[in-house]
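# Survey of secondary and tertiary structure
Each chain is listed here by its residues.
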Amino acid sequence: MSAAPGHRCGTVVLAGRPNVGKSTLLNALIGQKLSIVTPKAQTTRQRIAGVLTRPAFQLILQDTPGFGAPAGRRLNQSMHREAVAAIATADAAILITAATRWTPEDDAVLAQLVSAGAPIVAAVNKIDRVRPKARLLPYLESLSHRHPFAAIVPVSALRGENLARLVDAVVALLPVAAPLYPEDQVTDRNERFMAAEVVREKLMLALHDELPYGIAVEIERFEETPDGRVEIDAIIWVEREGQRKIVIGSRGEGLKAIGRAARLDLNELLGRRVHLSTWVKLREDWTDDAGMLRHLGHEPT
């Protein structure tokens, strides 16, 4: 692909502890919803790249699973490896923190980024929640002493504040190179993956406590019909019989509501009318089952 002289292109990882707004920031920077967003930790389980293309640059932004300890079940270990691999191969990194609140988890993410050696921009997110704004100043000052960041940029991913400044700071760190993706491509993931994520988002929003972490979604069938519709069959995997009953709900009402919400989002995402069918299936302890994790794309085949 040809490019103008001085064109910059590179991969930038979005790194941060769970729930600091990585997925919201990715969606805001790209200008459309690519990564699902919920208030729950571990919403993002697999890497997803958003591609921001302009005449002078192409920015490949990688959303990662929330960085955490590589312990616990195989799914947690897989998510940790995804985050580490993304960090290790990036041209630059955006460390996302929550305004005025630094935690030991932030320390762990920063240490991993520093060990990878790529330049780091600190994005201080959720500034819309800080009142008065002067309360930000001591936090920004403390960040400047934690690491020689290439830039420190206060932003609000939710309200789109200061995002152009963040993009400028990151693009300046990228190598001069031709674009890697066509200018109309906005993600490296296909529609099948996106459909599974939309269904999982609705499950996480509808269900409470720890139940969402024992649930996975697999798209068994994704077909376009002659009249322009898309027919999708989705399997919702759970690891306990009790979870299956909760997802289905009384007289199936819970599953119907989840399916309805997912279908409406999919209509908009795909730009076509969607017929969505869902089934709930049991696979005991799938979060600790290497074969099942490979099947669901969490581990190499």
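### Description of the overall build of the chain
What the chain contains, in helices and strands, is nine helices and nine strands. Its C-alpha radius of gyration of 20 Å places the chain within 12% of the 19 Å reference for a compact globule of 301 residues. For the chain, buried positions account for 51% of its 301 residues. A separation of at least 24 residues holds for 70% of the contacts in the chain among residues at least 6 apart in sequence. Per element, the accessible surface of the chain, about 14000 Å² overall, is 51% carbon and sulfur.

### A few points about the pairing of strand β2 (residues 48–54)
The buried fraction of β2 amounts to five of the seven residues, a majority that puts the element mostly inside the structure. Counting the residues in the hairpin turn of β2 and strand β3 (residues 57–63) gives two residues.

### Focus: the packing of helix α6 (residues 191–206) against helix α8 (residues 253–270)
Here α6 crosses α8 at 145°, and the two axes come no closer than 9 Å. The two elements α6 and α8 meet at a crossing, and its hand is right-handed. Counting all contacts with α6, which are made through E191, M194, A195, V198, V199, E201, K202, L203 and A206, the residues of α8 involved are I258, A261, A262, D265, L266, L269 and L270. Classifying every residue of the contact of α6 with α8 by side-chain character gives twelve nonpolar, no polar and four charged.

Rules used throughout
Residues numbered from 1 in each chain as written. Predicted model: local features only at pLDDT ≥ 70, side-chain atom pairs only at ≥ 80, totals over all residues. Heavy atoms only, no water. Helix = DSSP H or I, 4+ residues; strand = E, 2+ residues; numbered from the N terminus. Rg over C-alpha atoms; globule rule 2.2 N^0.38 Å. Buried < 20%, exposed > 50% of the residue type's maximum accessible area, 1.4 Å probe, protein only. Contact = heavy atoms within 4.5 Å. Areas by Shrake-Rupley, 256 points an atom, 1.4 Å probe, with all protein chains shown as cover. Pairing = 2+ DSSP bridges. Axes fitted to C-alpha atoms, helices over the stretch in contact; angles between N-to-C directions. Left-handed = near helix turned anticlockwise from the far one by under 90°. Nonpolar A, V, L, I, M, F, W, Y, C, P; charged D, E, K, R; others polar.

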